[in-house]
Amino acid sequence: MPEVVFPLDSSRSFTDQELVGHNRWHPDIPPAVTVRPGDVFRVHCREWFDGAIHNDDSADDVRDAPLSRVHALSGPIAVEGAEPGDLLLVDILDLGPIPQEDSGPLAGQGWGYTGIFARTNGGGFLTDHFPDAYKAIWDFRGQTATSRHVPGVSYTGITHPGLMGTAPSADLLARWNRREGALIATDPDRNPPLALPPLPDDAILGSLSGEAFDRVAAEAARTAPPRENGGNQDIKNFTRGSRVFYPVFVPGANLSVGDLHFSQGDGEITFCGAIEMGGFIDLHVDLIKGGMQTYGVAENAIFLPGNVEPRYDRWLAFSGTSVTLDDEQRYLDSDLAYQRACLHAIDYLTKFGYSPEQAYLLLGSAPIEGRLSGVVDIPNSCATVYIPTGIFDFDVEPSASGPTRIDPGMGAPRSSA
């Protein structure tokens, strides 16, 4: 087993560990550990809410989820010799749930969860249609997940980190805050908000304390969106065997990782659409000196997807176009087209006995494929959602005999008012 450079004790909270991680981006958060180019090492990761979501049949914990505390990131990990302008090469060698802990109160101890977030607390891709909080618990058995809340399906998980990235420079951080602040100012009272400004409350900043902590907490960026440093990209194919190249903005690069997922559909459409878990990730790092200029990689990460995926060979696909539900035409609106494709898939699955919320949770967590299928034929953009038929315990294809009605079981828990 590789050396564990960032250990976590499951019996202790994220802030009560030997090494304390962070939940904000800032160049002045000190590295927790240093590795060298060529090193192979293991990092333990806590699920993004640090145990706030429970293995039960209530969604009140999702309704009240403390968004100001996310994400619980392991790091920063400095890479010896890394300088601004380099590319940091990172190989994902292995990852999975918390090793040798197949039961317990933490997501990753034999189970994970998917949540539909309430409109008043984060929302989601279809929050106008699903404004309330719901939850599904998934049990792990090897590479497979099943749920008492969404019966009749089992997924082979494409495990991956939802979030990994390098620290921003002071200039890049200032750009983030400036442009996101300008966006918020266009509609400051919107719910959900257009962006999340710096928030000192609940900031976790590694080993910083005192005046340095207060200064950084007031400036540091929230980790919710993806940005130039990688960050919360939620790419479901970013799994074992993946190689990613991150731009380096600060000495040491200061790599951080977290938000592990057992499975996810393209888009993570419920906002907490993946099957969230804690666990471990094994990494190898190296450097390409001056690689940002050499390859023109200045504002993005690039990666080679992993070669470990479920072998689904048959798909049921749904299309959507950029026309609203009340028949308003939009011009090449791919976001709307993908929403409509998802809604068509949800409506279809309800014909087999699922509630709309169960179907929504399924699309967020199953290894569905989301595609932009047409973006040039004015006025309609076309997006498609591909659902692997092999995840179902019954036939979901249209037939003359009509849909098979399944027992939806207890259903997905809904939060109380």
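Structure report, in brief.

Definitions and cut-offs
- Residues numbered from 1 in each chain as written.
- Predicted model: local features only at pLDDT ≥ 70, side-chain atom pairs only at ≥ 80, totals over all residues.
- Heavy atoms only, no water.
- Pairing = 2+ DSSP bridges.
- Helix = DSSP H or I, 4+ residues; strand = E, 2+ residues; numbered from the N terminus.
- Axes fitted to C-alpha atoms, helices over the stretch in contact; angles between N-to-C directions.
- Phe/Tyr/Trp six-rings, centres within 6.5 Å; stacked < 30°, edge-to-face > 60°.
- Buried < 20%, exposed > 50% of the residue type's maximum accessible area, 1.4 Å probe, protein only.
- Lys NZ or Arg CZ within 6 Å of the ring centre and 35° of its normal.
- Core = buried A, V, L, I, M, F, W, Y, C linked by side-chain atoms within 4.5 Å.
- Contact = heavy atoms within 4.5 Å.
- Polar contact = N/O pair within 3.5 Å; in protein donor to acceptor, adjacent residues only side chain to side chain.
- Parallel < 35°, antiparallel > 145°, perpendicular 65-115°, else oblique.
- Left-handed = near helix turned anticlockwise from the far one by under 90°.
- Nonpolar A, V, L, I, M, F, W, Y, C, P; charged D, E, K, R; others polar.
- Patch = residues over 30% accessible without salt bridge, like charges linked within 9 Å, V, L, I, M, F, W, Y side chains within 5 Å.
- Areas by Shrake-Rupley, 256 points an atom, 1.4 Å probe, with all protein chains shown as cover.
- Salt bridge = Lys/Arg side-chain N within 4 Å of Asp/Glu carboxyl O.

**Comments concerning the sheet that holds strand β19 (residues 302–304)**
Reading across from one edge, β1-β4-β18-β6-β15-β19 is the order of the six strands in this open sheet, with mixed pairing throughout. Of all the strands in the sheet, just β1 (3–6) and β19 have a single pairing partner and so form its edges. Neighbour-to-neighbour, the strand axes of this sheet turn through a mean angle of 35 degrees, independent of strand direction. Pairing of strand β15 (residues 243–247) with β19 involves three bridges; the strand directions are antiparallel. Looking across to β19, one finds that R243 is bridged to L304.

**Some thoughts on the packing of aromatic side chains**
Going through the model one piece at a time under the given rule, you end up with 17 aromatic pairs. When the centroid spacing of 5.8 Å and the interplanar angle of 75 degrees are considered together, the rings of W48 and F271 count as edge-to-face. Taken together, the positions of W48 in the loop between β4 (40–45) and α1 (60–63) and F271 in strand β17 (residues 271–276) put the pair 223 residues apart, joining distant regions of the chain. For W48, a relative accessible area of 4% corresponds to the buried category. Ring geometry for F49 and F117: centres 6.1 Å apart, planes at 10 degrees, overall stacked. Highlighted residues: F49 in the loop between β4 and α1 and F117 in the loop between β7 (111–116) and β8 (134–141), separated in sequence by 68 residues. Here the two residues F49 and F117 agree in accessibility, since each one is buried. An aromatic cluster is built from F318, Y348, F352, Y354, F392 and F394, whose rings are joined through pairwise contacts. The aromatic ring of F280 is capped on one face by R42, whose charged end is 4.1 Å from the ring centroid. Stacked on the ring of Y386, the Lys or Arg R371 has its end atom at 4.0 Å from the ring centre.

**Concerning the nonpolar core**
One finds L88, M164, L362, I387 and F392 to be the most contacted residues of the largest nonpolar core, which totals 78 residues. At nine residues, the largest contribution of residues to this core is made by helix α5 (residues 334–350). With sequence-adjacent residues up to four places away left out, M164 is seen in contact with V90, I92, N229, G230, G231, F238, V244, Y246, L255, S256, V257 and L283. A107, Y113, I137 and C272 belong to the second largest nonpolar core, which has 16 residues in total.

**Here we look at the side chain of T223**
Relative to the elements of secondary structure, T223 occurs in the loop between β12 (221–222) and β13 (226–227). For T223, a relative accessible area of 0% corresponds to the buried category. Here the side chain of T223 touches V70 through a polar contact of 3.4 Å, landing on its backbone oxygen. Here the side chain of T223 touches H71 through a polar contact of 2.8 Å, side chain to side chain. With sequence-adjacent residues up to four places away left out, T223 is seen in contact with N23, R24, W25, V70, H71, L73, L163 and N232.

**Re the packing of α5 against helix α6 (residues 356–365)**
In the contact formed by α5 and α6, the axes pass within 9 Å of each other and the chain directions differ by 125 degrees. The orientation of α5 relative to α6 falls into the category oblique. For the element pair α5 and α6, the recorded crossing hand is right-handed. Residue-level inspection shows C342, A345, I346, L349 and T350 of α5 in contact with α6, the latter providing P356, A359, Y360, L362 and L363. Along the lines of polarity and charge, the residues of the contact of α5 with α6 split into nine nonpolar, one polar and no charged.

**Let's talk about a nonpolar patch on the surface**
Nonpolar side chains collect at one region of the surface, where L372, V375 and V376 lie side by side and expose about 300 Å² of accessible area between them. By the secondary structure assignment, V376 is in the loop between β21 (369–374) and β22 (382–388).

**What to know about the pattern of salt bridges**
Under the definition given, this model contains 25 salt bridges. When the shortest N-O distance is used, the salt bridge between R175 and E299 registers 3.4 Å. A residue pair is termed long-range when its members are at least 10 positions apart, and R175 in helix α2 (residues 170–185) and E299 in the loop between α4 (291–295) and β19 qualify at 124 residues. For R175, a relative accessible area of 26% puts it in the partly exposed group.

**Considerations on the sheet that holds β22**
Across the sheet, three strands lie side by side as β20-β22-β21; this open sheet has antiparallel pairing. The open sheet has two edge strands, β20 (315–321) and β21, and neither has a second partner. The sheet shows a mean angle of 25 degrees between the axes of neighbouring strands, direction not considered. Here α5 sits on the sheet and contacts β20, β21 and β22; the angle it forms with β20, its principal contact strand, is near 135 degrees.

**Quick notes on the pairing of β8**
Along β8, six of the eight residues are buried, which leaves the element largely enclosed by surrounding structure. Both β7 and β8 contribute to a ladder of six bridges, which runs antiparallel. Bridge pairing in β8 places I116 opposite Y134. Sheet topology places β8 next to strand β9 (residues 144–146); three bridges connect them, and they run antiparallel. Each residue of the ladder has a partner; that of F140, found in β9, is A145. Two successive antiparallel strands, β8 and β9, enclose a turn made up of two residues, where G142 displays a positive phi of approximately 65 degrees.

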